[in-house]
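# Residue-level structural notes
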Amino acid sequence: MNVDVPLGKLVTVTGVSGSGKSSFMYEILHRNLSARLEMRVRSNEPINCKEFKGSEYVGRVILIDQSPIGRTPRSNPVTYTGAWTHIRDLFASEPEARARGWGPGRFSFNRPGGRCEACEGNGEIAVEMHFLPTVYVTCEVCNSTRFMKETLEIKFKKKNIHEILEMTIEEALKFFEDIPAVADRLFTLNEVGLGYVKLGQSATTLSGGEAQRVKISSELYRAHLQKTIYLLDEPTVGLHYEDVKKLIDILQKLVNKGNTVVVIEHNLDLIKNADYVIDIGPEGGEHGGKIVAKGTPEDVANNDKSYTGKYLKKVLHRK
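Described below are features of the structure shown in this document. Everything numeric in this text was worked out from a predicted model, so none of it was measured. (Residues numbered from 1 in each chain as written. Predicted model: local features only at pLDDT ≥ 70, side-chain atom pairs only at ≥ 80, totals over all residues. Heavy atoms only, no water.)

### Quick look at the pairing of strand 6 (residues 260-264)
When you tally the buried positions in strand 6, you get five out of five residues, the bulk of the element. Of the two faces of strand 6, both are covered, the one formed by T260, V262 and I264 as well as the one formed by V261 and V263. By the bridge criterion, four bridges tie strand 1 (residues 10-14) to strand 6 in an arrangement that is parallel. Among the inter-strand pairings, V13 is bridged to a residue of strand 6, identified as I264. At this point the chain moves from strand 5 (residues 228-233), through helix 9 (residues 241-256), to the parallel strand 6, and the crossover so formed is right-handed. (Buried < 20%, exposed > 50% of the residue type's maximum accessible area, 1.4 Å probe, protein only. Helix = DSSP H or I, 4+ residues; strand = E, 2+ residues; numbered from the N terminus. Pairing = 2+ DSSP bridges. Right-handed = clockwise from strand over helix to strand, strands pointing away.)

Right, dumping it as structure tokens:
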């Protein structure tokens, strides 16, 4: 099959399960773009296809999947987006911390010094169960605060470092509203519908969809110096209608900055808002892998051979 992916647009890849959407995105689109844009030795040899053209118009490729944002309980949304560095600086600049000669490292749970060494800053201790999944129990030394008692004595706006981590993103946004370096990053997390998540919520407790939205928020905050192509795999899974609406707005913001967003999607609300649809099929397995329809959502809806078009037509005609 021959596929054109228009740049600077919101593009959805649709089709029945097993039709070849993921193979197209991961094995062809992502692998070829990665080989050309990310590898130190740039290869122009096409991978899994006869020809691959147009990558010179893109600066980088980002795969925003539902994998965890970190592998340890210490990883959390506020460290992933970079806001934690600025929060530690604020605590280190407090008169009491300066009098004790403490720098930002004292307020890190990733390095020795100010963290609780019994749990190594995790707030929990992992208990290996051999044939069962690992169980995490509350650290008895710090009582899940992650830090030494002395570290918790330093306060910023009457709150210690643990109390800051216990705030939700929505609460923290008001608390840090006069600190742009922190507020701007929290604003994008709130914008992607994660206002209810705690700043210090462990990455291991976030769902795949939540982790995906944390990654999107970090991209929203980033200064876009080069054209980027974002690849997403069914980001609407498990989302409420209101959250789907927010997600569409966020993806559109990435496009408005001159980037390209390619999404594998079944959600008709997102598909009808796309600039361009690539419908793969017609069936799954060996009966798939062909372009059934392509173009605007209206073009696909008017194509009688497309299953997606059949249902898209109903949504587009809905008042």
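### A short note on the packing of helix 7 (residues 180-191) against helix 8 (residues 208-221)
Relative to each other, helix 7 and helix 8 sit at 135°, their axes nearing to 8 Å. Between helix 7 and helix 8, the interaxial angle falls into the category oblique. Where helix 7 crosses over helix 8, the handedness of that crossing is right-handed. Listed contacts from helix 8 to D184, R185, T188, L189 and E191 of helix 7 are V214, S217, L220 and Y221. In the contact of helix 7 with helix 8, the residues fall into four nonpolar, two polar and three charged. (Axes fitted to C-alpha atoms, helices over the stretch in contact; angles between N-to-C directions. Parallel < 35°, antiparallel > 145°, perpendicular 65-115°, else oblique. Left-handed = near helix turned anticlockwise from the far one by under 90°. Contact = heavy atoms within 4.5 Å. Nonpolar A, V, L, I, M, F, W, Y, C, P; charged D, E, K, R; others polar.)

### Focus: the packing of aromatic side chains
Under the counting rule described, the total for this entry stands at eight aromatic pairs. For the ring pair F156 and F175, a centre distance of 6.1 Å and an interplane angle of 75° mean the geometry is edge-to-face. A residue pair is termed long-range when its members are at least 10 positions apart, and F156 in the loop between strand 4 (132-138) and helix 5 (161-165) and F175 in helix 6 (residues 169-175) qualify at 19 residues. Residue placement shows K157 over the ring face of F175; its charged tip is 5.2 Å from the ring centre. (Phe/Tyr/Trp six-rings, centres within 6.5 Å; stacked < 30°, edge-to-face > 60°. Lys NZ or Arg CZ within 6 Å of the ring centre and 35° of its normal.)

### Describing the packing of helix 8 against helix 9
One way to put it is that helix 8 packs onto helix 9 with a least axis distance of 10 Å and a crossing angle of 35°. As for the relative orientation of helix 8 and helix 9, their crossing is left-handed in sense. Counting all contacts with helix 8, which are made through R213, I216, E219 and L220, the residues of helix 9 involved are D243, L247, I250, K253 and L254. Here the residues of the contact of helix 8 with helix 9 sort into five nonpolar, no polar and four charged.

### Brief notes about the sheet that holds strand 6
Strand pairing within a sheet occurs via backbone hydrogen bonds; the two strands may be parallel or antiparallel. Strand order in the open sheet formed by six strands is 2-5-6-1-7-8, with mixed pairing between adjacent strands. Looking along the sheet, the strands with just one partner apiece sit at the ends: strand 2 (60-64) and strand 8 (290-295). With direction set aside, neighbouring strand axes in the sheet form an average angle of 15°. Note: strand 1 against strand 7 (residues 276-281), four bridges, orientation parallel.

### Things to note about unusual backbone geometry
Backbone geometry follows two general trends: most residues other than glycine have a negative phi, and most peptide bonds adopt the trans configuration. Omega for the bond connecting G281 with P282 falls within 30 degrees of zero, at 0°, which places this linkage in the cis form. Tracing the backbone through its elements, the reader meets P282 in the loop between strand 7 and strand 8. With phi around 50°, K157 is a residue other than glycine that occupies positive phi space. Looking at the element boundaries, K157 is found in the loop between strand 4 and helix 5.

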